[in-house]
Amino acid sequence: MTDQRTLRERLAELPLGRQVALLSGGSFWGSEAIPELDLAAVTLTDGPHGVRRQPDGADHLGIGGSVPATCFPTASCLASSWDPELLHEVGAALGHEALAGGVGVLLGPGMNIKRHPGGGRNFEYFSEDPLLSGRLATGMIRGIQSTGVAACPKHFVANNLESYRMVSDSVVDERTLRELYLRGFEIAVREARPRTIMTAYNLVNGEYVADSHRLLQGVLRDEWGFDGLVVTDWGGINDRVAGVRAGVDLEMPSSGGAHDDAVVDAVESGDLDAETVLERVEAVARLLGESPAGPALPVDEVGHHRLARRAAAAGTVLLANDGILPLDASLDVAIIGGFAAEPRYQGAGSSQVVPTRLDDARRHLEERLTGRVRYLSGYDDVRAAAELAGDADAAVVFVGLPAIDEAEGYDRSTLALPAAHDELVTAVCAANPRTVVVLANGAPVLMPWADRPAAIVESYLGGQAAGSAIASVLVGDTEPGGRLAESFPASMVFPSEENFAGSTRQVQYREGLYVGYRFHDTAAVAARFAFGHGLSYTSFEWSEPRVDELTVRVTVTNTGDRCGSDVVQVYVHDVESTVYRPDRELAGFAKVHLGPGASADVEITLDDRSFAYYDVDEARWRTEAGAFDVVVAHSSVDVHATIRIDVDGETITTPPAGAAGPGRRRFVATVTEFEQMLGRPVPHPVPVLPFTVNTVVDELDATRLGRLARRAFLEVADRQTATLLGDDPDPVLLALGRRMIREAPLRFLVSMSGGRGSIRAFHGLTKLLSALRIAGRRG
């Protein structure tokens, strides 16, 4: 006889302790099963650009090995394609590989805004622009979920740096939060309907995201209609009771029941509603019930490798070209730089994938070029490299960022390339002006030599097929299809630089909306390469655009003799605004692929939100009536046409709080301006003493006993890392592991202990360690 009870009614019959246990993982990578309802556990796995499944080990840093999987290009490369349909294809491939590995939830895509180009994890995020991020994420989420696997966009929200990310407070005004940092997530949630979403480690305006009822219930569920499961980042729970109340459904990984008693006690004391717990349990059960079951189709490794190569080429950006590219295959070519033979193709950290195969550019260029080809690693012998280049018809120099320079867990200390790489480019260009520079990096770099090479190609971190993709682009078998999804600054002059790493505990977003091109174009501080920029091997002609009923129409014609793609970008500018606004903001885009002589009619539809700002006083989006410029452009600075239109809206009689924003002299708010934007005084960072369970290991140096405890924690961590890495440890992973522990709060150690630690014991330990304060400088 069929059970007619609802899912909630059946779950309500479970004892309270059992319900609470279901709100934490059953293992490092898996949920609890619910055999009472015949629901199997679901496996969750890292996967922004590849399925990192660890059947025999468990770590969240990419330290332990994982099952080989297709390593697709990282998000920064995929974003440069400006192609949501391509990201749907990649997402579907990721979903198929997850399905084949028994994975039900793929932890990605990463969606945080690139507030500062030095963010250590920027390679894992799409863009500095929320519309572009949201549209690309929508494509990937839909692709993943088309296979039955749940996507998990992350890290919600304002997780815009790596340093002390587990305790850092992002102090940001509500308008900036809404228009920049929440907007991409909003687009993805509303348009793609992800079945899960991951909370960020950090605080936002003094409240841990995992504790924030306002963000998780008020914004995510009530405003946007999210009806899926909210999961913490690994070890990212702060206060388990507050998290359940706020809207966290699943704590990961398994904490071995470390927090269960606190939740049970809260329910029994009346501090937490039993219905709230049941609601969270229902979300977990619903995810388990929706997860795919049964055998999956075998993975087409060859087909996925080809897709990875196509995606890498689509995200490759031709930054500069005097006509040397594509290369004449008959030339005498010098290939210089170790990255040509040993490619840098992905970032370090939890997203690190063991590829199914790995292409290198040197081999593929040698196979494709018919003239003489010579290779030299070059970084350690600049003189020999220059001599080789001088004896060739053309030189191709491969430079970029070593893995240790950008990784999860810490931020970049400089935007510069390694000195040896800059010296190599300068010397080779001096020896041979027909030099092509190929960059491999996950985020923008400074290029003081940018006017010297004949061509500059940004390949980003292009995944396992990056080598063959860049070779095919260089010789013209494939077009460089990318346009920058982020600005490449010419120097360190941009406002977020003044408040990036900040203190251990706090980062003030005093630049407001002036992030990336919103700063460069408004302040007339030119980027080295602008947002949206990218050249082609063919030529395009655009008709005069027109705007009808908020739809922008333009015809794009390929006037060259090669196949190619182009991106029509539409920005809006409020001619006379009551509130401060950047000079222009991306409102829509479309990518077209055209053969020689072919044309396409492009339509880009705008809506009310394209012209709106967030009114903090009225807590809603408002469009101010009046004139707006619709800017049809090749990039944020390369304008094709500007059309002025009148937009219906409201008459704003009283400017909302903080309407003036940061002053336009420096584009960084003063204390007074920032307080007006916040609507409250600037908060003080949390003091180091007294210690709490949110004290990070490094801060323990503030007392004599704390220093001893810190040393003990680090010794244990070093032993565990050494055991995982073996006799020949990767220096990047060593640094990442040690940095992770040094900057981890004590509660994180409990959450990641699998039940071997006690939060109550750590509460007592912090009181003891707070005693005997030491004088002098902290170590």
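A. Representation of the sheet that holds strand 14 (residues 455–458) within the structure. The six strands are arranged 9-14-13-12-10-11 in an open sheet whose pairing can be described as mixed. Looking at strand neighbours, the two that pair on one side only are strand 9 (317–321) and strand 11 (373–376), the edges of this open sheet. Averaged over all pairs of adjacent strands, the angle between their axes in this sheet comes to 15 degrees, without regard to strand direction. Pairing analysis gives six bridges linking strand 12 (residues 394–400) to strand 13 (residues 435–440), with the strands arranged parallel. From the neighbouring strand, valine 397 faces strand 13, where its bridge partner is valine 437. Against the sheet, helix 15 (residues 419–431) makes contact with strand 10 (333–336), strand 12 and strand 13, and its axis sits at roughly 170 degrees relative to strand 12, the strand it touches most.

B. Broad picture of the nonpolar core. In terms of nonpolar packing, the biggest core is built from 90 residues, with Phe156, Tyr181 and Leu586 touching the most fellow members. Ranked by residues supplied to this core, first place goes to helix 5 (residues 130–145) with seven residues. Non-local contacts of phenylalanine 156, meaning those with residues more than four positions away in its chain, are made with Leu182, Phe185, Ile197, Met198, Thr199, Ala200, Val209, Leu215, Leu216, Leu220 and Trp224. If you look at the next biggest cluster of nonpolar residues, it comprises 62 residues, including Leu327, Leu401, Leu474 and Leu484.

C. Here's a closer look at the packing of helix 19 (residues 704–725) against helix 22 (residues 759–769). Between helix 19 and helix 22, the least distance of the axes is 8 Å, while the angle of their chain directions is 130 degrees. Considered as vectors, helix 19 and helix 22 are oriented oblique to each other. On the side of helix 19, the interface is formed by Leu705, Gly706, Ala709 and Phe713, while helix 22 contributes Phe762, Leu765, Leu768 and Leu769. Tallied by class, the residues present in the contact of helix 19 with helix 22 amount to seven nonpolar, one polar and no charged.

D. Region of interest: helix 18 (residues 671–678). Where helix 18 is concerned, the buried positions are Phe674, Met677 and Leu678. Around the axis of helix 18, the buried residues are gathered within 95 degrees of arc, so they sit on the same side. Each element contacted by the buried residues of helix 18 is listed here: strand 4 (169–171) and strand 15 (506–508). Remark: glycine 679 follows helix 18 within two positions and exhibits a positive phi of approximately 80 degrees.

E. Structural detail: the side chain of aspartate 169. On the secondary structure map, aspartate 169 appears in strand 4. No salt bridge is formed by the buried aspartate 169; the nearest opposite charge belongs to arginine 680, separated by 7.0 Å. A distance of 2.9 Å separates a polar side-chain atom of aspartate 169 from the backbone nitrogen of glycine 206. Aspartate 169 has contacts with Leu203, Val204, Asn205, Gly206, Arg505, Gln506 and Val507, leaving out every residue within four places of it along the chain.

F. View of the packing of aromatic side chains. Per the stated rule, a full pass over the model turns up 17 aromatic pairs. Between tyrosine 514 and tyrosine 580, the aromatic rings sit 5.5 Å apart at their centres with planes inclined by 55 degrees, giving tilted as the arrangement. You can see tyrosine 514 sitting in the loop between strand 15 and helix 17 (517–523) and its partner tyrosine 580 sitting in the loop between strand 19 (564–574) and strand 20 (585–594), a full 66 residues away along the chain. Given the relative accessible area of 9%, tyrosine 580 is considered buried. Seen from their ring centres, tyrosine 514 and phenylalanine 667 are 4.8 Å apart, and the 80 degrees between their planes marks the pair as edge-to-face. Remark: phenylalanine 667 occurs in the loop between strand 25 (639–647) and helix 18 and tyrosine 514 occurs in the loop between strand 15 and helix 17; sequence separation between them is 153 residues. For tyrosine 514, a relative accessible area of 1% corresponds to the buried category. Above the face of the tryptophan 621 ring, arginine 609 is positioned so that its terminal group lies 3.7 Å from the ring centre.

G. Structural context of the layout of surface pockets. Put simply, the second largest pocket is a space of about 620 Å³. Asp83, Leu86, Ser565, Lys591 and His593 are, among the 28 residues lining the second largest pocket, the residues nearest its centre. Those elements giving two or more residues to the lining of the second largest pocket turn out to be helix 4 (84–100), helix 12 (301–314), helix 16 (466–475), strand 19 and strand 20. Element by element, the count of residues in the lining of the second largest pocket is highest for strand 20, at five residues. For the lining of the second largest pocket, the per-class residue count stands at eleven nonpolar, seven polar and ten charged.

H. Representation of the pattern of salt bridges within the structure. Counted by the stated rule, this structure contains 62 salt bridges. Close ionic contact of arginine 483 with aspartate 566 constitutes a salt bridge, the shortest N to O distance being 3.2 Å. Here arginine 483 is found in the loop between helix 16 and strand 15, whereas its partner aspartate 566 is found in strand 19, with 83 residues between them in sequence. As far as the burial class goes, arginine 483 and aspartate 566 line up, both buried. A salt bridge links aspartate 548 to arginine 546; its shortest N-O distance comes to 3.1 Å. Taking relative accessible area as the criterion, aspartate 548 reaches 32% and is therefore assigned partly exposed. A residue is classified by how much of its surface remains accessible, and arginine 546, at 48% relative accessible area, is partly exposed. Here the residues in one salt-bridge network are Asp46, Arg52, Arg121, Glu124, Lys154, Glu162, Arg165 and Glu408, joined through shared partners.

I. Structural context of the confidence of the model for the protein chain. Residues of the protein chain with pLDDT of at least 70 account for 97%, and the chain-wide mean is 94. Within the protein chain, strand 9 carries the highest mean pLDDT (99), whereas helix 20 (residues 731–742) carries the lowest (80). The low-confidence segment residues 774–779, where pLDDT is below 50, has 13 contacts with residues more than four positions distant or belonging to other chains.

J. Quick peek at the environment of valine 373. Residue position: valine 373 is located in strand 11. Between the C-alpha atom of valine 373 and that of valine 647, which follows or precedes it by 274 residues, the distance is 59 Å. Once residues lying within four places of it in the same chain are set aside, the contact partners of valine 373 are Val333, Ile335 and Glu366.

Rules and cut-offs
- Residues numbered from 1 in each chain as written.
- Predicted model: local features only at pLDDT ≥ 70, side-chain atom pairs only at ≥ 80, totals over all residues.
- Heavy atoms only, no water.
- Pairing = 2+ DSSP bridges.
- Helix = DSSP H or I, 4+ residues; strand = E, 2+ residues; numbered from the N terminus.
- Axes fitted to C-alpha atoms, helices over the stretch in contact; angles between N-to-C directions.
- Contact = heavy atoms within 4.5 Å.
- Core = buried A, V, L, I, M, F, W, Y, C linked by side-chain atoms within 4.5 Å.
- Buried < 20%, exposed > 50% of the residue type's maximum accessible area, 1.4 Å probe, protein only.
- Parallel < 35°, antiparallel > 145°, perpendicular 65-115°, else oblique.
- Nonpolar A, V, L, I, M, F, W, Y, C, P; charged D, E, K, R; others polar.
- Arc of directions from axis to C-beta.
- Lys, Arg positive; Asp, Glu negative; His and termini not counted.
- Salt bridge = Lys/Arg side-chain N within 4 Å of Asp/Glu carboxyl O.
- Polar contact = N/O pair within 3.5 Å; in protein donor to acceptor, adjacent residues only side chain to side chain.
- Phe/Tyr/Trp six-rings, centres within 6.5 Å; stacked < 30°, edge-to-face > 60°.
- Lys NZ or Arg CZ within 6 Å of the ring centre and 35° of its normal.
- 1 Å grid on protein atoms, 1.4 Å probe; cavity = no way out; pocket = protein on both sides within 12 Å on 5 of 7 lines; lining within 4 Å.
- Points joined across faces, edges and corners; volume = space filled by probe spheres on them.
- pLDDT = per-residue confidence, 0-100.

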